[in-house]
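Each chain, written out:
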Amino acid sequence: MIATCKKLVTDIQRDKDLDKKLPEYAELLGRQYNCYATVKGSMNYYTMKEVCDEQDDKNTDVCKYFALLTGLLDRHLVKREAVDEDSMEAIAQLRSNVEYKMHILTAYTDAYEIYEYVLNRVEAAVRDEVAPVDAKGLSEKMFAYVFAENDTVVINSKLQLLMAQLPVRMTKNKFYDIVNSTLNIYEEGETTSVDEFVDMLRSAVLLKKPKGFETEYPFLYHVYTDLAEADYAALTLPEFEDLTKRLNQAATIINNEVSAFMLLQEVINDVYTILLTIDAAYEKNEEDVPGYAAALRIIKACVKAETIDQLPDEVMDEFFTIEGVQERVYESIVILEAVLDEIRVGKAEQIESLALTETFDRLDKVSKLLSTSLFIDLDKVSRKTETADHAYITAKKEALVKELGDLFSSVKRPVYRSMMCKLLAAMPIFMNTQQEIRDYFDYVIENCKDDSELMACNKLISEMIEE
């Protein structure tokens, strides 16, 4: 198969017999995509069914969405009904529903990180367990940690991890200068890149809350409002322990929801791929690839069974049959997919003359569905946008700084310092030399006069370094 794929790609690149080779390419890539998604999907679907079986409440959104997905598989894989527009709209809506939930859960994660930072730094004072910290030793330990390896990527990664924990000892104006300098980097770049970066910063401190933030998860919202309204300068030990306890409960809910929705989205992407490629691939793959037929039997058995426990014993044996199939098929996909964009753009006229435009558009969508980005925008078209000139950057900077200024004015100092820290960790490192980094470490540690905060930083950073 590898040799066949390579020869087909070479022939197309040499414009050899395109009327024949382009349909062959589309059909072969479609079949490989279908086989890969079916084999991968059989394992993911089985695991997802196990997750839903273990849920005490079968009325959760995860279980509801999974039931709808099962209905689609029953129609088109078990009963072999033709895939219609209704089914394609249903799978697209399921995918959007999961994205909607994940946006909200991500926002809560951002919110809780802000208040966890604050709680960590008041804990020692609230518990009356403040102890001195060797500031110089901590600074030296951080510096040695960052430059333990001579790799720029690793160094920057470590710096950003530390920035997320270090005390913030700078004025708001100095902070805004860093924001301005960071946005200046994007001048003469694409406006979409600027917009995405600014949106990321706004989301990180909840300047931009997603729809459903207040309504979809009542307990999470209640915990969030209590954290936002707490007086951290006068927090009592019972209040601290109550907030910490409920923050941990909320974090557990988020972790469980995110894990379930991530797996569900992967299954949705697999099934979406199957539906997009099933017409030309089903019987051919079933005949040619033993692992494909075994994967189909696993999916069909799971669809028919009420629970995992009701699966026939022989179904488990099918997993041995599909072992290694996914990896082998992926080798073919890599070869064929590497030139997909090149063919779609470079051979667009021939593709249109052969009435294959819709087919190649479908293959492009599948390539996104099977990418490592589970929540990739399937409809986004990569094209060069307008240039972000000086005026555009200036307008973005002024708007962002004003929004941040209004936000910081609406919360108390421990909270806005946490927000500043979170934003600094999300931006490119603003120090250019080792000496600047050493000086920054020394400055923020030595100028942190809050012993409780310094204890928390020492504990968290030491744990990070020792991992």
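Small disclaimer: the values here were computed from a predicted structure and weren't measured.

Caption draft 1: Representation of the overall build of the chain within the structure. Within the chain one finds 20 helices and zero strands. Considered along the principal axes of its C-alpha atoms, the chain spans approximately 75 × 55 × 40 Å. For the chain, buried positions account for 47% of its 467 residues. For the chain, the proportion of contacts with a sequence separation of at least 24, taken over those separated by at least 6, is 82%. When the accessible surface of the chain is totalled, it reaches about 23,500 Å², and 49% of it is carbon and sulfur. Positive and negative charge centroids in the chain, built from 53 and 86 side chains respectively, lie 2 Å apart.

Caption draft 2: Broad picture of unusual backbone geometry. Positive phi outside glycine occurs at aspartate 128, with the angle close to 55 degrees. Summarising the element assignment, aspartate 128 is placed in the loop between helix H4 (85–126) and helix H5 (135–146). By relative accessible area, which is 69% here, aspartate 128 ends up exposed. Here the phi dihedral of glutamate 188 falls at roughly 75 degrees; this positive angle occurs in a residue that is not glycine.

Caption draft 3: Structural view of the nonpolar core. Counting residues in each nonpolar core, the largest one holds 155 residues, and the members touching the most others are Tyr25, Tyr112, Phe175, Phe360, Phe408 and Phe441. Beyond its immediate chain neighbours, meaning those up to four positions away, phenylalanine 175 contacts Met170, Leu404, Phe408, Met420, Leu423, Leu424 and Met427.

Caption draft 4: Spotlight on the side chain of lysine 40. In this fold, lysine 40 is placed in helix H2 (residues 18–53). On the basis of relative accessible area, lysine 40 is assigned to the buried category, the value being 12%. Side-chain polar atoms of lysine 40 contact the side chain of aspartate 270, separated by 2.6 Å. Excluding anything up to four places from it in sequence, lysine 40 contacts Glu266, Asp270, Gln326 and Leu370.

Calculation criteria
- Residues numbered from 1 in each chain as written.
- Predicted model: local features only at pLDDT ≥ 70, side-chain atom pairs only at ≥ 80, totals over all residues.
- Heavy atoms only, no water.
- Helix = DSSP H or I, 4+ residues; strand = E, 2+ residues; numbered from the N terminus.
- Buried < 20%, exposed > 50% of the residue type's maximum accessible area, 1.4 Å probe, protein only.
- Contact = heavy atoms within 4.5 Å.
- Areas by Shrake-Rupley, 256 points an atom, 1.4 Å probe, with all protein chains shown as cover.
- Lys, Arg positive; Asp, Glu negative; His and termini not counted.
- Charge placed at Lys NZ, Arg CZ, Asp CG, Glu CD.
- Core = buried A, V, L, I, M, F, W, Y, C linked by side-chain atoms within 4.5 Å.
- Polar contact = N/O pair within 3.5 Å; in protein donor to acceptor, adjacent residues only side chain to side chain.

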